[in-house]
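A structural walkthrough
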Amino acid sequence: MIKARAMLGAVREYRFLGSELWVDCGDPHMRVTFLKPELVRVRIVPGGDFEEEHSWDVPLADEAFHAVEVNLQQTQHALFLNSAAFTVRIDKDTALLEMLTTDGKSFFTDASSPVWEEDRYWFTKRIENGEKYYGFGERGGRMEKQGQTMKNWATDPSEPHTAFVDPMYMAIPVYLVMSQNFAYGVYVNSTWESTFDLSKSGQLRFESLGDELDVYIAYGPQPLDVLEHLSELLGRMPMPPKWALGYHQSRWSYGNEQEVRKLVSTFREKEIPCDVIHLDIDYMDNYKVFTWDDERFPTPQRMLEDLKRKNFRVVTIIDPGVKVDPNYAVYREGMERAYFVRDARGKICSGYVWPDESVFPDFSRSEVRDWWGDWQHGLIEQGVCGIWNDMNEPTVFEKPFSLGGGRGGTLPLKAEQGAAEEVTTHAELHNLYGSQMAQASYTGMRKSKPNERAFHLTRSGFAGIQRWSASWMGDNGSCWEHLEMSMGQLINMGISGVPFVGADIGGFFGNATPELFARWIQIGSLYPFSRGHSCTGTIAQEPWQFGEEVENIAREYLSLRYRLMPYLYSVFWKASQRGYPIWRSLFLHYPEDKQTAHIDDQVLIGRYLMAAPILKPGQTARQVYLPEGTWYDWWDGYRYEGGRYILAEAPIQRMPLYVRAGAVIPMGPAMQYVDEKPLEPLSLHLFPGDKADFTLYEDDGVSLDYERGKFATTRYQLRGDDRMAEVEIFEREGNYEIPVRSLHVILRDGRHYQQKQFVDSGNARIVQFQRMIGL
Ligand code: MIG
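Let me begin by describing the structure that accompanies this report. (Residues numbered from 1 in each chain as written. Predicted model: local features only at pLDDT ≥ 70, side-chain atom pairs only at ≥ 80, totals over all residues. Heavy atoms only, no water.)

**Examining helix α2 (residues 257–269)**
An α-helical turn contains 3.6 residues, so any two residues separated by three or four positions project in the same direction. Compared with the 18 Å implied by 1.5 Å per residue over 13 residues, the 18 Å span of α2 between its first and last C-alpha is a close match. Taken as a whole, α2 has its buried residues at Glu-257, Val-260, Leu-263, Val-264, Thr-266 and Phe-267. Looking at the buried residues of α2, the elements they touch are β21 (248–251), β22 (276–279) and α3 (300–309). In this structure Asn-256 caps α2, since a side-chain oxygen of it lies 3.2 Å from the backbone nitrogen of Gln-258. Directly beyond the C-terminal end of α2, a positive phi value near 55° is found at Glu-271. (Helix = DSSP H or I, 4+ residues; strand = E, 2+ residues; numbered from the N terminus. Expected span 1.5 Å × (residues − 1). Buried < 20%, exposed > 50% of the residue type's maximum accessible area, 1.4 Å probe, protein only. Contact = heavy atoms within 4.5 Å. Polar contact = N/O pair within 3.5 Å; in protein donor to acceptor, adjacent residues only side chain to side chain.)

**Quick word on unusual backbone geometry**
Between Asp-166 and Pro-167 the backbone carries a cis peptide bond, its omega angle lying at -5°. Note on placement: Pro-167 falls in the loop between β14 (149–152) and β15 (170–171). With an omega of 5°, the peptide bond running from Gly-220 to Pro-221 counts as cis. Phi angles above zero are rare outside glycine, and Phe-108 is one such case at about 45°. Relative to the helices and strands, Phe-108 is located in the loop between β10 (106–107) and β11 (110–117). Positioned with a positive phi, Asp-356 is a non-glycine residue whose angle comes to about 75°. With respect to the helices and strands, Asp-356 occurs in strand β26 (residues 356–359). Asp-356 sits in the partly exposed class, given a relative accessible area of 33%.

**Here's the deal with the sheet that holds strand β5 (residues 39–46)**
Taken together, eight strands build an open sheet; the order of strands is β2-β3-β4-β5-β20-β17-β16-β13 and the sheet is antiparallel. Only two strands of the sheet have a single partner each, and these edge strands are β2 (13–16) and β13 (132–135). Pairwise comparison of adjacent strand axes, ignoring direction, gives a mean angle of 20° for this sheet. Bridging between strand β3 (residues 20–24) and strand β4 (residues 28–36) involves five bridges; their strand directions are antiparallel. Pairing of Trp-22 across the sheet is with Arg-31, part of β4. Docked against the sheet, helix α1 (residues 223–234) engages β4, β5, β16 (174–178), β17 (183–188) and β20 (213–219), running at close to 25° with respect to β17. Against the sheet, helix α8 (residues 480–495) makes contact with β13 and β16, and its axis sits at roughly 85° relative to β13, the strand it touches most. (Pairing = 2+ DSSP bridges. Axes fitted to C-alpha atoms, helices over the stretch in contact; angles between N-to-C directions.)

**Observations concerning the site of the ligand**
In the vicinity of the ligand there are 13 residues, among which Asp-280, Asp-390, Arg-459, Asp-475 and His-533 approach most closely. Here an oxygen atom of the ligand and a side-chain polar atom of Asp-475 are 2.5 Å apart. Bound to the protein, the ligand loses 93% of the 360 Å² it would expose on its own. (Near = heavy atom within 4 Å. Areas by Shrake-Rupley, 256 points an atom, 1.4 Å probe, with all protein chains shown as cover.)

**Quick notes on the environment of Gly-147**
Take Gly-147: it is sitting in the loop between β13 and β14. By relative accessible area, which is 45% here, Gly-147 ends up partly exposed. On a C-alpha basis, the gap between Gly-147 and Glu-228 in space is 27 Å, while along the polypeptide they are 81 residues apart. In this structure Gly-147 touches Leu-198 and Ser-199, once residues within four positions along its chain are discounted.

**Concerning the side chain of Arg-531**
Secondary-structure assignment places Arg-531 in strand β36 (residues 531–532). Polar contacts involving the side chain of Arg-531 include one to the side chain of His-278, which spans 3.3 Å.

**Notes on the state of the cysteines**
Considering all chains together, one arrives at zero disulfides under this definition. Here Cys-385 stays unpaired: no disulfide links it, and the sulfur of Cys-274, its closest cysteine neighbor, is 13 Å away. No disulfide involves Cys-535; its sulfur sits 14 Å from that of Cys-479, the nearest cysteine. (Disulfide = S-S within 2.5 Å.)

**A short note on the environment of Ile-317**
Residue placement: Ile-317 occurs in strand β23 (residues 313–318). Sequence separation between Ile-317 and Met-284 is 33 residues, and the spatial gap between their C-alpha atoms is 9.2 Å. Setting aside chain neighbours within four positions, we find Ile-317 in contact with Leu-279, Asp-280, Ile-281, Tyr-283, Met-284, Trp-388 and Asp-390.

**Some remarks on the pairing of strand β44 (residues 657–660)**
On β44, burial covers both faces: Leu-657 and Val-659 on one face and Tyr-658 and Arg-660 on the other are all buried. Here three bridges tie strand β39 (residues 609–611) to β44, and the two strands are oriented antiparallel to one another. When the bridges of β44 are listed, Leu-609 appears paired with Val-659. Direction of pairing for strand β41 (residues 630–633) relative to β44: antiparallel, over a ladder of three bridges. Bridge assignment links Tyr-632 to a residue of β44, and that residue is Val-659.

**Some words on the nonpolar core**
A general tendency of soluble globular proteins is for nonpolar side chains to be buried together. With 186 residues, the main nonpolar core has Tyr-187, Trp-372, Trp-634 and Ile-665 as its most contacted residues. Judged by nonpolar contacts, the second largest core, of 46 residues, contains Val-11, Val-23, Tyr-133 and Val-188. (Core = buried A, V, L, I, M, F, W, Y, C linked by side-chain atoms within 4.5 Å.)

**A short note on the sheet that holds strand β6 (residues 71–74)**
The five strands lie next to each other as β6-β7-β8-β9-β10, forming an open sheet whose pairing is antiparallel. Only two strands of the sheet have a single neighbouring strand rather than two, namely β6 and β10.

**A word on the pairing of strand β45 (residues 663–667)**
In terms of burial, β45 is a largely internal element, five of the five residues being buried. Side chains Ala-663, Ile-665 and Met-667 of β45 all project onto a buried face; the interleaved residues Val-664 and Pro-666 project onto the opposite face, where all are buried too. Relative to strand β46 (residues 682–687), β45 runs antiparallel, the two sharing five bridges. Pairing of Ile-665 across the sheet is with His-685, part of β46.

This is how it looks when you write it as structure tokens:
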């Protein structure tokens, strides 16, 4: 029997301070604080010694929220803390917690008392009938997570990604629950190693190292409302530079300047749209960060300028490991200033990564982050446009790679990190290492170019990583299972607060077949972050490497991405404003439709567009679920009644794609790179049916002026009935100047297209069409 150090007892005393309730329940003390009517924070700690704030805290401080009115009621058995949105009930005999909706449904209810035992604590929550569990950050396996045990510990998994791979690179203790007729979400504020255990039916168990149980619960009732509240707490993605929404091409590695120049000219010759080239580790001199190999890349600045002139941006990889080499300035400086992580006895922690023996900056200290940003400045000055952080779990090996590397691990858990006044162990900050490195890098770029948006990509990160970075799902493989896995993975990342995500198109390890690549680029062209990448030693996987047919497919789907840019960019804006995912599971928009609960082989891109990619070899048709309502086939306009499965034809050239009846999708001309041409014409594709409301967002795409209000929004409202369809175009708002342009309003009424043309000078107008339904 485990002897508990502490458990909850009866409520002995309580104090109510307006929006916060303090409860003494035996040894542990509890604080329940409403930050918004829909967001509550519950902290419980033995002895009642609540933690001070840390500089590295992820959630927004309580003081940043406006105080909310809550009222306290009590009965003989319980205390009830009521906000306008929901109630927290504390049982007087046991101090167990129950959350209640206004119509009395329970959620996030203790199954038993939390327990504190030695260096850890755990809590258990009842899983109510019919609940479904999503999110939990970056995982393998299916979208809905009951039955799984999921560890939060940033790791480079040594085994291939399967349904069982766990943990992975990111640690994001955030989840969303769909209950009977409402949704709620949870963020557990622990950076320590922790585990969500859903293996026992009817119960969620969370166990973490550390002492203070600190958990935030957001109530919907709609799932998107939950994501909005959680993202207010954990932060949202800033608008990325628009070019970062273009296609990215990477491989390990484009080895020299000629190869890169050839690569970019091939994209343009073949008219395959592309904006960004990634340089993997071999551009560096002996893998020393912030250097160039001067044989492979003798004139980086000139190369970067030329590429920029051709409208290609370059992103370079930067790993955290700094090569131990007294002749290397980054190492020397970091040593002199004591910026590298040390163990408790003051010895620098070194280990083996690409540069051989390396040391690791302590990114939890602000002066170290600034220093790193300053080193990065050189690359930015030379013309590098974005930074890609890899190995930042951090992953550290036992032996030199020339001797096989030995076991992959991380820094010693007892190593010390943090500023002098808040020194703690690596064990506590490990999960933040990737986020803090991304923060250093992102902030550094912002400092280097004060009025430019920064693009950063990271492999590791913690909750809130979206404030600094896009992320990709690490080392997948060129196999159908991984194409399929990317769907649920990216959907769950969005639910966990990280909207700008992608997986390596074509697969990293191994070699894609033409068919696999074709199917992958079809859906990959609609990934929020769309990048092809491939491991060293594999076949070339650029879009033209698989023959003409596949090349044409890549061109067609990437061109579609670029034509959809006005729509996509507006969906990104929603993500930055509200924290809504870009890639959305069907249940986020159809929470009442229980069929959608497990569908992770289809995805909504924004509100209106639904992709149903082919994820199996040899398939030329698939089952597609159409939620309630009417749907149009994107390609041929065929109209379907939803609330049922259909069989979709999908010859190799075709990825099934649908639009909700009741959609406004703004599109632009095809382009070779983002903003190659003005939005001329702006095409407004209308799909009549239900009412639709869409706001087009426009700004200069590169500067931070939008933060000071320099942007334009245009609201469109579609309505009508079986006989007519009408779109109301509201007057353009905001103070970003848009030249007069032509506007094509296109009614896509099933197979019938009707088009009307106007001059668009931002004025309001109503455009009407007679429908030809049934003709
Ligand atoms: O030890 O930089 O996930 O994208 O190409 C492998 C080389 C290190 C792992 C990354 C991958 C990258 C590779 N890196």
